Amino acid sequence: MIKSVMNPWAGLASYEDPQNAEYDLKFCGRDYDSYDVARLIMGNVFVTLYGKSGIGKTSLLNAGVFPELREEGFTPLSVRLGIRDEKNPKSFQRVVVDAVEQVIKKYDVIDVVSEQCDQTSKDFLWNYFARRRFYDKNEEQTIPVIVLDQFEEVFRKDRDEAEILLRQLDYLNDKDHALDACEVNGLAYRYEQNFRFTVSIREDDLYRLEDSLDNCYLPALKRNRYRLRSLSEEDAQKVILIPGEGLFRPEEQDDIVKRVIEATRQKGDDSISTNLLSLICNRLYNDCKNAGSEYISGSFVESFMKGNPIERFYNEATKGFSDKEKEYIENHLVDSNGRRNSITESDFKIHVPEGQKLLEGDSRILQRTSTSSDGASYRIELIHDSFCDPLLGQKEKRDRRKRRRHLIVMTCVALIS
């Protein structure tokens, strides 16, 4: 029997920040990227991380970059501005401030400048940071690193508001706005850039950021970019072998690794799909555990590789759901452009009564995203963009069946009349 009770691969879920993770998973294959991105962030106020959807930007930040930053005295935190409470909406700037204060509990407020209360003013965030010194749990002074994850969402929500935020980030980025050394309440004080901001955005949405930066004339925010590339074959081997230590027979290991990697290569550019690699490993482990096998064998791999793993995963997860429930999922969780969409949890429960199983365990293809600071309001979305194509495929099949039925009915009516 496989001894581990926890799947060593995250599947389609993002790897979590080890400091907050429920399970200790080994994040592998991105050592150089983790080091390089962390150093880029430490040395610059504003950094843009971009890459293809599903390439692992969120996992890199959470499980690779955040630990590196903490070792150097920074306090990283992640914010998704595209998910917020629509009943009690806050400005993007307010969401950022609240997120900082939720993670960093201790800070001093220093009246070096008058408080800026106008959240739309270009110096609002600058004013907030200029008036504060932050401390970690050890009472040591720290610098917050605010990661604005999945930043493409803000442009779909409200481009005008997104540009207000970008102007404030540009003002923060300008070293000319530093304050001269002065004395406050008898103590020496010098304001430096005691913050870092990182934007993470899908590569095919980078043009949205470009358009807004050009529209606002903010060329400085085009610097310090890092493109996350696909895994190399060597790094893909690490993703398979390090978490899977002891799960492969030595005589089969090389052949299995080769077959798994070949199954994850993208058509067209031959690059390795990070999310598909993690999904295949995750599902192979589950299949072997359920079968009571001691090893992930070549026969399991051969059986698993038949068909589209993501489409099969979706079909397995929704097995037993009514056509009406699946139709609701496929119509509402993918938008007309083939992107992930979100719906309120209350509506989801009404239309998909058995939907809880899709939020947990081996059938997890959905996730909750909080839309309020107290966590009282949630929306439901697909756990990953990879499911968009299978959902669209099922929707197209259903539409074709409906059209055929309609055509048959119309033909019968014409013949009768």
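One can find the structure itself at the top, above this paragraph.
Residues numbered from 1 in each chain as written. Predicted model: local features only at pLDDT ≥ 70, side-chain atom pairs only at ≥ 80, totals over all residues. Heavy atoms only, no water.

Chemist: So what's going on with the pattern of salt bridges? Residues and values would help.
Modeler: Tallied over the full model, the rule gives 28 salt bridges. Across the pair Arg70 and Asp17 runs a salt bridge whose closest N-O atoms are separated by 2.4 Å. A residue pair is termed long-range when its members are at least 10 positions apart, and Arg70 in helix H2 (residues 57-71) and Asp17 in the segment before helix H1 (31-43) qualify at 53 residues. With its nearest N and O atoms 3.2 Å apart, the salt bridge here joins Asp205 to Arg339. Here Asp205 is found in the loop between strand S8 (196-202) and helix H7 (206-216), whereas its partner Arg339 is found in the loop between helix H13 (323-332) and strand S10 (343-344), with 134 residues between them in sequence. (Salt bridge = Lys/Arg side-chain N within 4 Å of Asp/Glu carboxyl O. Helix = DSSP H or I, 4+ residues; strand = E, 2+ residues; numbered from the N terminus.)

Chemist: How would you sum up the packing of H13 against helix H15 (residues 388-416)? Please name residues and give values.
Modeler: Following both chains from N to C, one finds H13 and H15 inclined at 120°, their axes separated by 9 Å at the closest point. Taken together, the axis directions place H13 and H15 in an arrangement best described as oblique. In the packing of H13 onto H15, the handedness of the crossing is left-handed. Counting all contacts with H13, which are made through Asp323, Lys326, Glu327, Ile329, Glu330 and Asn331, the residues of H15 involved are Leu391, Gln394, Lys395, Arg398 and Lys402. Grouping the amino acids of the contact of H13 with H15 by side-chain chemistry returns two nonpolar, two polar and seven charged. (Axes fitted to C-alpha atoms, helices over the stretch in contact; angles between N-to-C directions. Parallel < 35°, antiparallel > 145°, perpendicular 65-115°, else oblique. Left-handed = near helix turned anticlockwise from the far one by under 90°. Contact = heavy atoms within 4.5 Å. Nonpolar A, V, L, I, M, F, W, Y, C, P; charged D, E, K, R; others polar.)

Chemist: Give me the nonpolar core: which residues, what numbers.
Modeler: Ranked by internal contacts, the top residues of the largest apolar core, which has 51 residues, are Val260, Leu366 and Phe387. Those elements that provide at least two residues to this core are helix H8 (233-241), helix H9 (250-263), helix H10 (274-291), helix H11 (298-304), helix H12 (309-317), H13, strand S12 (378-382) and H15. Tallying contributions element by element places H10 first for this core, with eight residues. Core analysis: the second largest hydrophobic core is formed by 46 residues, Ala99, Val112, Phe124 and Tyr171 among them. (Core = buried A, V, L, I, M, F, W, Y, C linked by side-chain atoms within 4.5 Å. Buried < 20%, exposed > 50% of the residue type's maximum accessible area, 1.4 Å probe, protein only.)

Chemist: How would you summarise unusual backbone geometry if you had to cite specific residues and measurements?
Modeler: Within the chain, Glu139 stands out as a residue other than glycine whose phi angle is a positive 70°. Not every positive phi belongs to a glycine, and Asn224 is a case in point at roughly 55°. With respect to the secondary-structure elements, Asn224 resides in the loop between H7 and strand S9 (225-227). On the basis of relative accessible area, Asn224 is assigned to the partly exposed category, the value being 27%.

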